[in-house]
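Geometric and topological summary
So the chains spell out like this:
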Amino acid sequence: MLEHLLLDTLVTGLPLVVVFLGIHTVFRLRSDFDLTVEGSFALGGAVTAIALVAGIGPVLAVLAGTCAGALAGLVTAVLHLVLKVPVLLAGLVMSIGLFSVTLHVLGAPTVSLLGAITLFGHGGDISSSVLLAAIVAAVLALYGLFLRTEIGLALRVCGANPQMARSQGVDERAMTMLALVLANGLAGFGAALVVQTQGYADVNMGIGTFVAGVGAILLGELIARPDGSAIRRILICVLVGTLVYRLILVGALRIGLPAADLKGVTALTLVIAVAAHRYLGSGLRRVGRVLAREPMQAS
């Protein structure tokens, strides 16, 4: 039973690591909320599914889903930068509008991939988990390398200290657009993996994605506190938080909880994560400050 629990967690959780990494880009690096990911996740999955049904290769289908998500992020950036709509409101508008777009792309509420050639073929959970792990590891590595580049550093600085970024000549508008496009592109990429593991695309598959992502990020920051660079902490926290979140949901299903109650479990997980992050996190920071002062006092 434990083996099946872990395999289900990996198969369903690993594709979401990419999605939640995109949410982290806006939520933590930019300190903002972009609800577009709920629409771009569904749109990316829909485009991927239609491409696969049409006989397009799985790699090109994933690329198409990724581009669809990135395009949705670009539209949100235009709403924010050109029309001066706040990111939160622009994302909300996009998530609503993309529901209709996704439904038109699918042509029906649900599209099955039965008979279509996918990345995972007819392999079992173990082979799918290995391939997913390799793909996610590559994405995390590339994302980490990107954050170490000059553009990646500018993106992080804009979120942490916009005034200093402007004084260094960083184009904050360009960084905002980059963050939104990157976040939603990652959401589309993750959705492309999700539809191929579950075997279908659904117009409602993006509902609750942002809330789940925020909860997973907060869980990861509480559970995983690795030493080393800030980039390493980002990658490990997103990975651990996502898998723990999926473990909670898979475990809930395994003990007999109805699938209709999973949204409630997600909401409860977010509430617990926020509360624990607020009280436990502040306590750990105080302990850290005390321990940091002790060597100075001893000397």
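Heads up: the structure comes first, above all this text.
Residues numbered from 1 in each chain as written. Predicted model: local features only at pLDDT ≥ 70, side-chain atom pairs only at ≥ 80, totals over all residues. Heavy atoms only, no water.

With respect to the overall build of the protein chain
Each helix and strand counted, the protein chain has eleven helices and two strands in total. Of the regular secondary structure in the protein chain, the N- to C-terminal order runs α-α-α-α-β-α-α-α-α-β-α-α-α. For 299 residues, the compact-globule estimate of 2.2 N^0.38 gives 19 Å, and the C-alpha radius of gyration of the protein chain, at 20 Å, lies within 12% of that figure. If one aligns the C-alpha atoms of the protein chain with their principal axes, the spans along those axes are about 70 × 50 × 30 Å. Of the accessible surface of the protein chain, which amounts to about 14400 Å², a share of 70% is contributed by carbon and sulfur atoms. Looking at charge distribution, the protein chain has the averaged site of its 18 positive side-chain charges lying 10 Å from that of its 14 negative ones. (Helix = DSSP H or I, 4+ residues; strand = E, 2+ residues; numbered from the N terminus. Rg over C-alpha atoms; globule rule 2.2 N^0.38 Å. Areas by Shrake-Rupley, 256 points an atom, 1.4 Å probe, with all protein chains shown as cover. Lys, Arg positive; Asp, Glu negative; His and termini not counted. Charge placed at Lys NZ, Arg CZ, Asp CG, Glu CD.)

Considering unusual backbone geometry
Its identity is not glycine, yet S31 carries a phi of approximately 55°, on the positive side. Relative to the assigned elements, S31 resides in the loop between α1 (2–29) and α2 (36–53). Overall, S31 belongs to the exposed group, its relative accessible area being 53%. The backbone of K84 shows a phi angle near 60°, a positive value even though the residue is not glycine. With respect to the element layout, K84 can be found in the loop between α3 (58–81) and α4 (87–106). Judged by its relative accessible area of 60%, K84 falls in the exposed class. (Buried < 20%, exposed > 50% of the residue type's maximum accessible area, 1.4 Å probe, protein only.)

Describing the packing of α1 against helix α8 (residues 172–198)
Contact pair α1 / α8: the axes reach a minimum separation of 7 Å and the direction vectors enclose 170°. By the angle between their axes, α1 is roughly antiparallel relative to α8. Of the residues in α8, those in contact with V11, P15, L16, V18, V19, L21, G22, T25 and V26 of α1 are A179, L180, L182, A183, L186, A187, F189, G190, A191, L193, V194 and T197. Partitioned by chemical class, the residues of the contact of α1 with α8 number 17 nonpolar, four polar and no charged. (Axes fitted to C-alpha atoms, helices over the stretch in contact; angles between N-to-C directions. Parallel < 35°, antiparallel > 145°, perpendicular 65-115°, else oblique. Contact = heavy atoms within 4.5 Å. Nonpolar A, V, L, I, M, F, W, Y, C, P; charged D, E, K, R; others polar.)

Considerations on α4
Over its 20 residues, α4 extends 27 Å from the first C-alpha to the last, a length consistent with the 28 Å expected when each residue adds 1.5 Å. Taking the largest bend as the criterion, α4 deviates by roughly 25°, centred on L98. Listing the buried residues of α4 in full gives V87, A90, G91, M94, S95, L98, T102 and L106. Lining the buried residues of α4 we find α2, α3, β1 (110–112), α8 and β2 (200–202). Phi turns positive one or two residues past the end of α4, at G107, with a value near 80°. (Expected span 1.5 Å × (residues − 1). Bend = angle between axes of the 7 residues up to and from the residue.)

Focus: a nonpolar patch on the surface
A grouping of L71, L74, V75, V78, V82 and L83 is seen on the molecular surface, where their side chains present a nonpolar patch of about 510 Å² in accessible area. Here L83 lies in the loop between α3 and α4. Taking relative accessible area as the criterion, L83 reaches 56% and is therefore assigned exposed. (Patch = residues over 30% accessible without salt bridge, like charges linked within 9 Å, V, L, I, M, F, W, Y side chains within 5 Å. Salt bridge = Lys/Arg side-chain N within 4 Å of Asp/Glu carboxyl O.)

Examining the packing of α2 against α4
Where α2 meets α4, the axes come as close as 7 Å, and the angle between the chain directions of the two elements is 15°. With respect to each other, α2 and α4 are oriented roughly parallel. As for how α2 packs across α4, the hand of that crossing is left-handed. Residues T36, G39, S40, A42, L43, A46, V47 and I50 of α2 lie in contact with α4, whose contacting residues are G91, M94, S95, L98, V101, T102, V105 and L106. (Left-handed = near helix turned anticlockwise from the far one by under 90°.)

Section: the packing of aromatic side chains
Taken as a whole and assessed by the stated rule, the structure comprises three aromatic pairs. Taken together, F27, F33 and F210 form an aromatic cluster joined through their ring pairs. (Phe/Tyr/Trp six-rings, centres within 6.5 Å; stacked < 30°, edge-to-face > 60°.)

Topic: the nonpolar core
Ranked by size, the top nonpolar core spans 66 residues in total, and within it F20, L21, I23 and Y245 carry the most contacts. Beyond its immediate stretch of four places on either side in the chain, I23 contacts R28, V37, T209, F210, G213, V214 and I217. (Core = buried A, V, L, I, M, F, W, Y, C linked by side-chain atoms within 4.5 Å.)

Some words on the environment of C67
With respect to the secondary-structure elements, C67 resides in helix α3. Residues C67 and N184, 117 residues apart in the sequence, show an inter-C-alpha distance of 9.0 Å.

What to know about the side chain of D34
Within the fold, D34 resides in the loop between α1 and α2. There is a polar contact of 2.5 Å between the side chain of D34 and the side chain of T36. In contact with D34, not counting residues within four places along its chain, are V26, T76, V87, G91, L180, N184 and F210. (Polar contact = N/O pair within 3.5 Å; in protein donor to acceptor, adjacent residues only side chain to side chain.)

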